Amino acid sequence: MRADNSAIPPSSIAVAPPACLPRTAPAMIVSTATATATAAGTGTGAGAVDEPGSGHAPGPSAGRSGTVLAGLGVVAFSLTFPATAWGLESFGPWSLVALRSVLAALIAGSVLLAARVPLPERRHWAGLAVVGGGVVVGFPLLTTLALQTSTTSHAAVVVGLLPLTTAVLGSLRTGERPSRTFWVAALAGAAVVIAFTVQQSGGALASGDLYLFGALLVCAAGYTEGGRLARSMPGWHVIGWALVLCLPLAVAGSLVALPLEPVRLNAHGVLGLVWVAAGSTFLGLYVWYRGMAAIGVARASQLQLAQPLLTLVWSFLLLGEEMSAAAPVAAVAVLVCIAATQRAGRGAAGESRRVRS
């Protein structure tokens, strides 16, 4: 009589090893098979990136590539204020922000669709909402409103405080523990940038400062949450899905704002809109989150110490705003502080974990 074993899973059938093999052979075989299956399922192995908590520190090449990516993000962000000033020549503030988000979301959605990226896990949607609310909606809207009454050089004070704020929130939220040297260098860099930007703006507070400080807080929260999410999902998926999540709100905002605000199309306005949508919001955040995932929130955030000075250079070249003679001195001081934070960050235990980007 034939036994019906169709209900028995194959993995539960014990197979005795050949007599020529030692008794430990089954365990060795299982371990090898498990490791192989794990590598196939998770992408570990040659050329893969260590997961959080693996205890493997990123190699020098990975750290350099992460720094380069985050640096490219900073360059893209440094053009945001001048491009926004150009965009305001053609659009009202609410229309500009809404159209910016719509265009960026369409680009991100097309890339996600072309790559057949699956929907994020349910546990990630709350974090993506924070990213969207902070860097897709909150920061662009508040800074655009501020730039109606403030110059781009004065608005750069927000970016001067952003690296330190992001490092603090990142340490609290992600568990990164930079060294004391890192914090000293970060505080020094923030002090240099703040002193320079305040001197550049004449030391007076503008009416848009309330918007600027609000933008600082929401952007730091968005960067921090994005850096945390980039530990468990590819960095470009983070900003892609955050943009897609904000698309319904952006479309609704466009439909409401465009009839109420004047539209005066010119070359500057169109170029400004295209850059803040494709350059700052999508490409800039794409490389930024990939770099942040590779080198950590704290180290990446300190690269933004250079952003206000870059913004002042673009404002001088593109908008004709004046630049102080103290700019070269401030630039050298900021570069020294950035080098110190990067060196200290590489040696910190909290920065030794590598994540997927």
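Residues numbered from 1 in each chain as written. Predicted model: local features only at pLDDT ≥ 70, side-chain atom pairs only at ≥ 80, totals over all residues. Heavy atoms only, no water.

Draft legend 1. Structural view of unusual backbone geometry. In this structure, Arg-116 takes a positive phi of about 55 degrees despite not being glycine. The residue Arg-116 is located in the loop between helix H4 (93–114) and helix H5 (125–146) in this model. (Helix = DSSP H or I, 4+ residues; strand = E, 2+ residues; numbered from the N terminus.)

Draft legend 2. Spotlight on the packing of aromatic side chains. In total, this model carries 8 aromatic pairs according to the counting rule given. For the pair Phe-77 and Tyr-223, a centre-to-centre distance of 6.2 Å together with 20 degrees between the ring planes defines the contact as stacked. Linking Phe-77 in helix H2 (residues 60–78) with Tyr-223 in helix H8 (residues 209–229), this pair joins segments that are 146 residues apart in sequence. The exposure classification of Phe-77 matches that of Tyr-223, with both residues buried. Measuring from ring centre to ring centre gives 6.2 Å for Trp-125 and Trp-241, while their planes differ by 70 degrees; the resulting arrangement is edge-to-face. Here the residue Trp-125 occupies a position in helix H5, and Trp-241 occupies one in helix H9 (residues 235–260), the gap between them amounting to 116 residues. The exposure class assigned to Trp-125 is partly exposed, which follows from its relative accessible area of 28%. You can call Trp-241 buried: its relative accessible area is 10%. (Phe/Tyr/Trp six-rings, centres within 6.5 Å; stacked < 30°, edge-to-face > 60°. Buried < 20%, exposed > 50% of the residue type's maximum accessible area, 1.4 Å probe, protein only.)

Draft legend 3. Summary view of the packing of H5 against H9. Across the interface, H5 lies against H9 with an axial gap of 8 Å and an inter-helix angle of 75 degrees. The pairing of H5 with H9 is recorded here as roughly perpendicular in orientation. Here Trp-125, Leu-128, Ala-129, Val-131, Gly-132, Val-135, Val-136 and Val-137 of H5 lie close against H9, whose contacting residues are Val-238, Ile-239, Trp-241, Ala-242, Leu-243, Leu-245, Cys-246 and Leu-249. (Axes fitted to C-alpha atoms, helices over the stretch in contact; angles between N-to-C directions. Parallel < 35°, antiparallel > 145°, perpendicular 65-115°, else oblique. Contact = heavy atoms within 4.5 Å.)

Draft legend 4. Main features of helix H3 (residues 80–87). The buried fraction of H3 is high, at 7 of 8 residues. Among the residues of H3, Thr-80, Phe-81, Pro-82, Ala-83, Thr-84, Trp-86 and Gly-87 are the ones counted as buried.

Draft legend 5. Expanded view of the nonpolar core. Core analysis: the largest hydrophobic core is formed by 61 residues, its most contacted members being Val-135, Tyr-223, Leu-243, Leu-285, Trp-288 and Tyr-289. Top element by residues in this core is helix H10 (residues 267–295). It accounts for 8 residues. Residues within four places of Leu-285 in sequence aside, it is in contact with Phe-77, Val-135, Tyr-223, Ile-239 and Ser-280. With 7 residues, the next largest nonpolar core counts Phe-182, Ala-186, Ala-190 and Ala-298 among its residues. (Core = buried A, V, L, I, M, F, W, Y, C linked by side-chain atoms within 4.5 Å.)

Draft legend 6. Examining the packing of H8 against H10 more closely. The contact between H8 and H10 brings their axes to 9 Å, and the two run at 60 degrees. Taken together, the axes of H8 and H10 lie oblique to each other. Here H8 runs over H10; the crossing is right-handed. Contact residues: H8 offers Gly-222, Tyr-223, Gly-226 and Gly-227, while H10 offers Leu-285, Trp-288, Tyr-289 and Met-292. For the contact of H8 with H10, the per-class residue count stands at 5 nonpolar, 3 polar and no charged. (Left-handed = near helix turned anticlockwise from the far one by under 90°. Nonpolar A, V, L, I, M, F, W, Y, C, P; charged D, E, K, R; others polar.)

Draft legend 7. Summary view of the side chain of Ser-254. Mapped onto the elements, Ser-254 comes out in helix H9. When its relative accessible area of 7% is taken as the criterion, Ser-254 is described as buried. Excluding anything up to four places from it in sequence, Ser-254 contacts Ala-98, Leu-99, Val-102 and Pro-259.

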